[in-house]
Amino acid sequence: PLKRKLSMDTPHENSVPGISDSGVKVVVRMRPPCQDKDEGDPIVQKISSDSLTINGQTFTFDSVADTDASQLDIFEHVGVPLVENCLAGFNSSVFAYGQTGSGKTYTMWGPANALSEDNTINDQQGLTPRVFERLFARMNEEQIKHSDKQLNYQCHCSFLEIYNEQITDLLDPNQRNLQIREDVKSGVYVENLTEEQVYTMKDVFRLLLKGLSNRRIGATSINSESSRSHTVFTCVVESRCKSAADGMSRFKSSRINLVDLAGSERQKLTGAAGERLKEAGNINRSLSQLGNLINILAEVSQTGKQRHIPYRDSRLTFLLQESLGGNAKLAMVCAISPAQSCRSETFSTLRFAQRAKAIKNKAVVNEV
Ligand code: ADP
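Residues numbered from 1 in each chain as written. Predicted model: local features only at pLDDT ≥ 70, side-chain atom pairs only at ≥ 80, totals over all residues. Heavy atoms only, no water.

1. Some thoughts on the overall build of the protein
This is how the line gets drawn: Labels follow the DSSP assignment, with helices taken as runs of H or I lasting at least four residues and strands as runs of E lasting at least two, numbered in each case from the N terminus. Using a 1.4 Å probe on the protein chains alone, a residue whose accessible area is under 20% of its type maximum counts as buried, one over 50% counts as exposed, and one in between counts as partly exposed. For the area figures, the Shrake-Rupley method with a 1.4 Å probe applies, and any residue is considered shielded solely by the protein chains shown.
Each helix and strand counted, the protein has seven helices and 16 strands in total. Residues counted as buried form 53% of the 368 residues belonging to the protein. Approximately 16,800 Å² of the protein is accessible, and the part contributed by carbon and sulfur atoms is 48%.

Here is the structure:
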């Protein structure tokens, strides 16, 4: 069975090797104004690298990305540390949060037409392809650097959707209503979820394109074009090497979760009935439960008081509990629109982002 053992951590973060107490990294990204829709004047202004104002109120985060920030800028802020944390043995997650149309999908994957099955990264491509390109390059470097230790990596990916509180395997959409299980050996996992080994960028693009094409897009009067599902792309990275000290084999495992959340706007239930009404309620359940947990965890981090954390009250929080206040490094990209017409949703996203900022995770290297 896997046992947690200490190994070297990045020294600046804390003094105990192998353990990292770190806050949630919050990046707010403003999308450019919509060309073909009149959204009203911009009301959000970036005032420094980490702060912005909206209607005279200032908010400060780890970083603020203005409307002209490139996909590469976001990758450098969020993706590069993610890959390094993963290779150091820490579980690492990125969540994209924000109202529909604010740029979550653009940030996580890039526009649909920018993903292709060739091996190259283009300017439009989002965080996920860039993370894998870097991951493969860094694994290669590490293998060359540690060739005497016979360092060897394996990466397995899965892709799922949570929609209406049901989990669908996006790599095999016939597998619906999958169940979350938890045991001491494996932790929290989704039973029967497809896991495919990836070796190259071509493999990653193939899985991304397959999964994204299986994503469910509902057309209702609640939210006509939006995506109302949460998607989770996960990669488990395992490494084996021989220790220079004793010649024994070492095994390290960590996971990357890339999470594109459903639109955070309050669902207007007008016109929804039956299944659609239930669906709206359930989508609210996962997101409102996420908001609820963020509040509780922020309070626990600030006051030090222990409280019961109701992870199991929604699929999303049950599945991602490790990322929320647990054994993982977490970055949150909160996407907003600068427009007047989005004012109240933007305020709500910024308040969510501020509470998320207060959370402390304790990540531990998983090594035997
Ligand atoms: P969401 O996933 O939050 O619903 P999308 O990612 O689909 O939003 O973005 C909505 C639209 O805005 C898309 O057409 C997308 O290409 C565009 N968009 C979003 N963010 C940016 C950005 N930073 N730069 C350029 N276009 C963007």
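2. Overview of the nonpolar core
Let me state the cut-off plainly: In plain words, nonpolar cores are sets of buried Ala, Val, Leu, Ile, Met, Phe, Trp, Tyr and Cys residues tied together by side-chain atoms within 4.5 Å.
In terms of nonpolar packing, the biggest core is built from 51 residues, with Leu-52, Phe-95, Leu-290, Leu-319, Leu-324 and Met-332 touching the most fellow members. Ranked by the residues each element gives to this core, the list is headed by helix α5 (residues 274-303), at eight residues. Membership of the second largest hydrophobic core comes to 43 residues, among which are Phe-136, Val-198, Cys-241 and Ile-256.

3. With respect to the pairing of strand β10 (residues 180-183)
This is how the line gets drawn: Strands were regarded as paired on the criterion that DSSP finds at least two bridges between them.
Sheet analysis places β10 next to strand β11 (residues 187-190), joined by four bridges and oriented antiparallel. Residue pairing across strands places Ile-180 opposite Val-190, the latter belonging to β11. Following β10, the chain reverses through three residues before pairing antiparallel with β11.

4. What about the side chain of Ser-337?
How we decide: Here a polar contact is taken to be a pair of N or O atoms separated by no more than 3.5 Å, where protein atoms must pair a possible hydrogen donor with a possible acceptor and residues adjacent in sequence count only if both atoms sit in side chains. When checking whether two residues touch, look at their non-hydrogen atoms; a contact exists if any pair is within 4.5 Å.
Within the secondary structure, Ser-337 sits in the loop between β15 (329-336) and α7 (343-357). A residue is classified by how much of its surface remains accessible, and Ser-337, at 1% relative accessible area, is buried. At 3.1 Å, the side chain of Ser-337 and the backbone nitrogen of Ala-339 are in polar contact. Leave out the neighbours within four places in its chain, and Ser-337 touches Arg-31, Glu-39, Val-44, Ser-102, Cys-342 and Thr-346.

5. Description of the packing of helix α3 (residues 127-145) against helix α4 (residues 201-213)
The line we're drawing: Axis lines are fitted to C-alpha atoms, over the contacting stretch for helices. Their N-to-C directions set the angle, which ranges from 0 to 180 degrees. Each angle is binned into one of four classes, with values under 35 degrees roughly parallel, values over 145 roughly antiparallel, values of 65 to 115 roughly perpendicular, and all other values oblique. Two helices crossing with the near one rotated counterclockwise from the far one by less than a right angle form a left-handed crossing, whereas a clockwise rotation gives a right-handed crossing. Ten residues, namely Ala, Val, Leu, Ile, Met, Phe, Trp, Tyr, Cys and Pro, are considered nonpolar, four, namely Asp, Glu, Lys and Arg, are considered charged, and the remaining ones, Gly among them, are considered polar.
Where α3 meets α4, the axes come as close as 10 Å, and the angle between the chain directions of the two elements is 155 degrees. Between α3 and α4, the angle is such that the two are roughly antiparallel. Both α3 and α4 take part in a crossing whose hand is right-handed. The segment α3 lies against α4, with Thr-128, Pro-129, Phe-132, Glu-133 and Phe-136 engaging Met-201, Val-204, Phe-205 and Leu-208. When grouped by side-chain class, the residues that make up the contact of α3 with α4 number seven nonpolar, one polar and one charged.

6. Thoughts on unusual backbone geometry
Located in the positive-phi region is Gln-150, a residue other than glycine, with phi close to 50 degrees. Mapping Gln-150 onto the fold places it in the loop between α3 and β8 (152-163). Here the phi dihedral of Glu-165 falls at roughly 60 degrees; this positive angle occurs in a residue that is not glycine. Looking at where Glu-165 falls in the secondary structure, it is placed in the loop between β8 and β9 (166-169). Exposure remark for Glu-165: the relative accessible area of 5% places this residue in the buried category.

7. Here we look at the packing of aromatic side chains
The geometry of an aromatic ring pair is captured by the separation of the ring centres together with the interplanar angle, meaning the angle of the planes. Using the following cut-off: The aromatic pairing rule takes the rings of Phe, Tyr and Trp, using the six-membered ring of Trp, and pairs them if the centres are within 6.5 Å, calling planes under 30 degrees apart stacked, those over 60 edge-to-face and the rest tilted.
For the structure on display, the rule yields eight aromatic pairs. Centroid distance Phe-59 to Phe-61: 6.3 Å. Interplanar angle 0 degrees. Geometry classified as stacked. A ring pair is formed by Trp-109 and Phe-233, whose centres lie 6.5 Å apart and whose planes are at 80 degrees; its orientation type is edge-to-face. Remark: Phe-233 occurs in strand β13 (residues 230-242) and Trp-109 occurs in the loop between α2 (104-108) and α3; sequence separation between them is 124 residues. Here Phe-233 falls in the buried class, since its relative accessible area comes to 0%.

8. Description of the pattern of salt bridges
Rules: Salt bridge, as applied in this entry: a Lys or Arg side-chain nitrogen positioned within 4 Å of an Asp or Glu carboxyl oxygen.
A full pass over the atoms with the stated rule returns 12 salt bridges. Two residues, Arg-138 and Glu-84, come together in a salt bridge whose shortest N-O distance is 2.6 Å. Here the residue Arg-138 occupies a position in helix α3, and Glu-84 occupies one in helix α1 (residues 71-88), the gap between them amounting to 54 residues. In this structure Glu-84 comes out as partly exposed when scored by relative accessible area, which is 30%. Close ionic contact of Glu-191 with Arg-181 constitutes a salt bridge, the shortest N to O distance being 3.1 Å.

9. A short note on the site of the ligand
Condition: Note on terminology: near, applied to a residue and a molecule or strand, indicates that one of the residue's heavy atoms is within 4 Å of it.
The ligand sits among Arg-29, Arg-31, Pro-32, Gln-99, Thr-100, Gly-101, Ser-102, Gly-103, Lys-104, Thr-105 and Tyr-106. Within the contact set of the ligand, an oxygen atom lies 3.0 Å away from a backbone nitrogen or oxygen of Gly-103. Lys-104 places a side-chain nitrogen or oxygen 2.8 Å from an oxygen atom of the ligand. Protein coverage of the free-state accessible area of the ligand, which is 560 Å², stands at 66%. Among the residues making up the shell around the ligand, the classes are represented as two nonpolar, six polar and three charged.

10. Details of α7
Defined as follows: In this analysis, the expected span of each helix is defined as 1.5 Å times one less than the number of residues it contains.
Its 15 residues give α7 an end-to-end C-alpha distance of 21 Å, which sits within 8% of 21 Å, the value for a rise of 1.5 Å per residue. Taken residue by residue, α7 has Glu-345, Thr-346, Phe-347, Thr-349, Leu-350, Phe-352, Ala-353 and Ala-356 as its buried positions.

11. Details of the sheet that holds strand β5 (residues 57-60)
If you trace the three strands from one edge of the open sheet to the other, you get β3-β4-β5, paired in antiparallel fashion. In the strand order of this sheet, the two ends are held by β3 (44-48) and β5, each with one partner. The sheet shows a mean angle of 30 degrees between the axes of neighbouring strands, taken without regard to direction. Bridge count between β3 and strand β4 (residues 51-54): four bridges; the pairing is antiparallel. Note on β4: the bridge partner recorded for Gln-45 is Thr-53.

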